[in-house]
Amino acid sequence: MELFKRENYLSKIRGFYHDDEVIKVITGVRRCGKSCLMKTIRQEIEESGVDPANILYLDLDKRGLRSVKTKSQLEGLIDPIAEVPGRKYVFVDEIQNVKGFEEVINGFRTDGDFSIFITGSNSYLLSGELATKLTGRYIEFEMQTLTFAEYCEMKQFLGKRVLPDLTRELDAYILEGGFPRALYYDSMQDKRTYVQSVVSEIIEKDIRRRVRITDLALFTQIQNYIINNFGATTSLTNILKDLEKQGVTLKRETLSRYLRILEDAKVIRKCTRFDMKSRKSLRGEQKYYLADLSFYFALNTDNQINYGPVLENIVYSYARSKDYSVSVGRIGKLECDFIMRDHDMGYAYVQVSMTIAASKETENREYAPLEQQKDNYPKFVLTRNDPIQRRNGIYHANIADFMSMGRGFTDSLYVDPPEETLYGYDYGIDMHRAIECPNCHFVQRNIDLSEDVVDVTVGEDNDTTMGSDIVYNFNIDRLPCPECGLDLRVYGYIREYPAGAYDSEYLKVLPIR
């Protein structure tokens with residue numbers, strides 16, 4: 001069976017495939033694709049020339065292995081491969097099913113010549129012995145459900161049509177969610193039924209079996225309240241007051257514990273507030289976002305999209321998939337939707353809005369916190385489907401276009417201005433584009449236009465400009481459409497101004513008949 005490759009995660013893990021010193025821990029909400037990712041890793045290791053006899057794959061949720069619950073049972077399954085000479089590769093899926101698995105895994109790791117990969121659907125497996133005994137000996141790779149770009153790519157992988165209008169496709173993604181298996185179903189009802197089954201599985205396997213909940217009805221009320229109010233600024237005090245108005249009373253400690261349980265099960269993610277002046281997290285108010293938007297739509301009959309929190313949730317999940325630390329920002333007296341921080345302590349500021357075209361007041365409101373921040377870190381306004389504008393060096397993009405290109409929020413911090421070389425230019429901006437066939441509307445994604453640049457025009461850099469104005473003119477004489485076979489001509493330009501920042505573009509696709 002051909003597997004859909006989640007390249008965003010594979011690229012992070014490949015450097016550790018043959019490392020026997022660290023355990024590779026893949027976490028994420030149930031059914032987000034961890035098992036398929038592990039199978040893809042196993043496949044790539046086999047394709048690299050490793051003998052299949054040196055590879056052991058155990059799915060502890062599979063029939064025949066569900067009864068494996070003890071350390072001795074797990075050790076007995078792994079022991080036979082220890083006799084095989086050379087590096088061994090051990091994959092254990094849903095390892096949290098085994099009580100005390102940490103000792104077994106650590107034992108094989110210390111033996112040497114074992115590259116170990118494990119998955120778990122919740123963070124309980126990182127809160128126990130694994131974390132205390134193996135500090136510095138494991139690396140966690142957290143998976144999200146499908147991003148919008150992955151959603152489109154997987155639809156094409158399954159032979160399903162991707163709408164040429166990415167905004168309409170984004171709306172479909174919002175309603176359907178990003179659970180990979182849901183894409184196999186055609187009707188919305190079937191998709192919703194599947195997600196409801198995922199919610200039930202999380203409650204049964206990741207919550208009820210792992211923690212003691214004396215009042216399940218109360219816990220369900222808290223769960224539904226948080227899911228229905230995702231993206232809202234709140235605090236424990238505010239939640240308690242709202243619940244009290246609904247006739248629900250509980251202790252602050254109980255509420256805090258229930259929220260933590262939902263976080264551990266990776267149903268929700270807490271986004272704390274961060275003050276840019278003091279560079280410290282602020283206690284008290286925070287926002288909660290959903291692991292997947294389908295949780296909301298599967299548990300509610302309302303299909304109306306409230307774009308404010310929905311678009312924030314999409315951007316938040318996308319940023320997390322890119323390994324950004326994400327906070328709600330406070331800049332002076334103003335609030336910024338998100339402050340992103342990467343591993344190199346680079347920052348970016350992001351405002352998310354359904355539209356800034358409704359009025360000048362709306363536009364000013366979204367730009368105000370970004371314009372007040374006087375540093376040189378990248379600043380973004382992301383909208384659903386607005387005409388692109390430029391204002392005070394702030395990058396404006398529509399969310400579907402931004403995410404379909406796979407861009408990061410701090411990419412420009414690590415791109416040197418383009419320098420002319422013997423063979424042309426080192427590009428400071430992303431030159432990959434999606435090309436739609438005008439005949440059958442099939443979309444080819446990630447076409448690298450830098451390979452077809454025929455001319456580069458560099459404008460003057462002087463005291464009245466922000467740097468060089470660079471225009472890349474490209475021309476593809478013949479690009480076959482893999483769907484209908486029609487040959488296409490693709491030409492136009494992409495403008496970079498100032499160096500390292502996208503400005504504008506013109507792209508034309510014509511059939512060659």
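Residues numbered from 1 in each chain as written. Predicted model: local features only at pLDDT ≥ 70, side-chain atom pairs only at ≥ 80, totals over all residues. Heavy atoms only, no water.

Undergrad: Quick question: what am I supposed to make of the sheet that holds strand 17 (residues 453-458) here?
TA: In sheet architecture, strand pairing relies on hydrogen bonds along the backbone and comes in two forms, parallel and antiparallel. In space, the four strands of this open sheet follow the order 17-18-19-20, with antiparallel pairing throughout. The sheet is open, and its two borders are formed by strand 17 and strand 20 (502-512), each paired with just one other strand. On average, each strand axis in the sheet is tilted by 10 degrees relative to the strand beside it, whichever way the strands run. In this structure, strand 17 lies alongside strand 18 (residues 470-480), joined through five bridges in antiparallel fashion. Its bridge partner lying in strand 18, V456 is registered against Y472. (Pairing = 2+ DSSP bridges. Helix = DSSP H or I, 4+ residues; strand = E, 2+ residues; numbered from the N terminus. Axes fitted to C-alpha atoms, helices over the stretch in contact; angles between N-to-C directions.)

Undergrad: Got a minute to help me understand the sheet that holds strand 4 (residues 114-120) in this structure?
TA: Strand order in the open sheet made by the five strands is 2-3-4-1-5, with parallel pairing throughout. Edge strands, defined here as strands with exactly one partner in the open sheet, are strand 2 (55-59) and strand 5 (138-142). The average angle at which neighbouring strand axes cross in this sheet is 15 degrees, direction not considered. One ladder, built from five bridges, connects strand 1 (residues 23-27) with strand 5; its direction is parallel. Among the inter-strand pairings, K24 is bridged to a residue of strand 5, identified as I139. Across the face of the sheet, helix 4 (residues 101-111) comes into contact with strand 1 and strand 4 while running at roughly 155 degrees to strand 4. (Contact = heavy atoms within 4.5 Å.)

Undergrad: Explanation requested: helix 13 (residues 307-321) in the structure shown.
TA: At 3.6 residues per turn, the α-helix brings residues three or four places apart onto the same side. Here helix 13 spans 21 Å end to end across 15 residues, near enough to the 21 Å set by a 1.5 Å rise per residue. Most of helix 13 sits inside the fold, with 14 of its 15 residues counted as buried. Positioned one or two residues after helix 13, D323 has a phi angle of 70 degrees, which is positive. (Expected span 1.5 Å × (residues − 1). Buried < 20%, exposed > 50% of the residue type's maximum accessible area, 1.4 Å probe, protein only.)

Undergrad: Would you take a moment to explain the packing of helix 9 (residues 216-228) against helix 10 (residues 236-245) for this structure?
TA: As a packed pair, helix 9 and helix 10 sit with axes 12 Å apart at the nearest point and diverge in direction by 115 degrees. When the interaxial angle is binned, helix 9 and helix 10 end up roughly perpendicular. Seen from above, helix 9 lies across helix 10 with right-handed handedness. In contact with I222, Y225 and I226 of helix 9, helix 10 contributes I239, D242 and L243. When the residues that make up the contact of helix 9 with helix 10 are grouped by side-chain class, the tally is five nonpolar, no polar and one charged. (Parallel < 35°, antiparallel > 145°, perpendicular 65-115°, else oblique. Left-handed = near helix turned anticlockwise from the far one by under 90°. Nonpolar A, V, L, I, M, F, W, Y, C, P; charged D, E, K, R; others polar.)

Undergrad: I'm lost on unusual backbone geometry in this one. Help?
TA: Residues apart from glycine generally show negative phi values, whereas peptide bonds are mostly found in trans. For K266, which is not glycine, the phi dihedral falls at a positive 60 degrees. By secondary structure assignment, the location of K266 is in the loop between helix 11 (252-264) and strand 6 (268-275). What makes K266 buried here is its relative accessible area of 11%. Of note, H441 is a non-glycine position whose phi angle comes to about 70 degrees, a positive value. Here H441 is to be found in the loop between strand 15 (432-436) and strand 16 (443-448).

Undergrad: Explain the side chain of T167 to me, please; I cannot follow it from the model alone.
TA: Considering the arrangement of structural elements, one finds T167 in helix 7 (residues 166-176). The exposure class of T167 is buried, given its relative accessible area of 9%. Discounting chain neighbours no more than four positions away, the residues touching T167 are R384 and N385.

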